[in-house]
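So the chains spell out like this:
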Amino acid sequence: MKNPIQMIKQCVANEEPYFLLRGKDICALPAIEKYYEAVKGKVTDPYFIEEIEEIMKDFRAFLDEQETHIPD
């Protein structure tokens, strides 16, 4: 998986917008699941699709173990 800190730094350097989701955000997993559906319809790189699947697994596991709440 790509380094998210490095990706954010690149976005800032290029004045490119970015969006961050946290594990404690109750809306994060549904948002990632919708993104995954869009990715499957538009992206052909299986590695990228697998990365999103792993992210979903991580968020699901966190949700099972931790309390989530409305985003900050």
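The next point concerns unusual backbone geometry. Trans peptide bonds make up most of the peptide bonds, and negative phi angles are found at most residues other than glycine. For Glu15, which is not a glycine, the phi torsion comes out positive at approximately 55 degrees. Counting through the fold element by element, Glu15 comes out in the loop between α1 (4-13) and α2 (28-42). You can call Glu15 exposed: its relative accessible area is 74%.

Relative to each other, α2 and helix α3 (residues 46-65) sit at 165 degrees, their axes nearing to 10 Å. It follows that α2 is roughly antiparallel to α3 by the angle criterion. Both α2 and α3 take part in a crossing whose hand is left-handed. Together, Ala28, Leu29, Ile32, Glu33, Tyr35, Tyr36 and Val39 of α2 and Phe48, Ile49, Ile52, Glu53, Ile55, Met56, Phe59, Arg60 and Leu63 of α3 make up the contact between the two elements. Residue classes in the contact of α2 with α3 are distributed as 13 nonpolar, no polar and three charged.

Examined against the element boundaries, Val39 turns out to sit in helix α2. Taking the C-alpha atoms as reference points, Val39 and Ile49, 10 residues apart in sequence, are found 6.9 Å from one another. Excluding anything up to four places from it in sequence, Val39 contacts Phe48 and Ile49.

Evaluation of the coordinates by the stated rule reveals three salt bridges. Glu37 serves as the salt-bridge partner of Lys40, at 3.6 Å between the closest nitrogen and oxygen. Of the two residues, Lys40 and Glu37 are both situated in helix α2; the distance of three residues between them amounts to about one turn of the helix. Exposure remark for Lys40: the relative accessible area of 42% places this residue in the partly exposed category. Among the ionic pairs, Glu54 bridges to Lys57, the shortest N-O distance being 3.3 Å. Note that Glu54 and Lys57 are positioned in helix α3 at a spacing of three residues, about one turn of the helix. With a relative accessible area of 39%, Glu54 lands in the partly exposed category. Judged by relative accessible area, Lys57 falls into the partly exposed class, the value being 49%.

Quick notes on the rules
- Residues numbered from 1 in each chain as written.
- Predicted model: local features only at pLDDT ≥ 70, side-chain atom pairs only at ≥ 80, totals over all residues.
- Heavy atoms only, no water.
- Helix = DSSP H or I, 4+ residues; strand = E, 2+ residues; numbered from the N terminus.
- Buried < 20%, exposed > 50% of the residue type's maximum accessible area, 1.4 Å probe, protein only.
- Axes fitted to C-alpha atoms, helices over the stretch in contact; angles between N-to-C directions.
- Parallel < 35°, antiparallel > 145°, perpendicular 65-115°, else oblique.
- Left-handed = near helix turned anticlockwise from the far one by under 90°.
- Contact = heavy atoms within 4.5 Å.
- Nonpolar A, V, L, I, M, F, W, Y, C, P; charged D, E, K, R; others polar.
- Salt bridge = Lys/Arg side-chain N within 4 Å of Asp/Glu carboxyl O.

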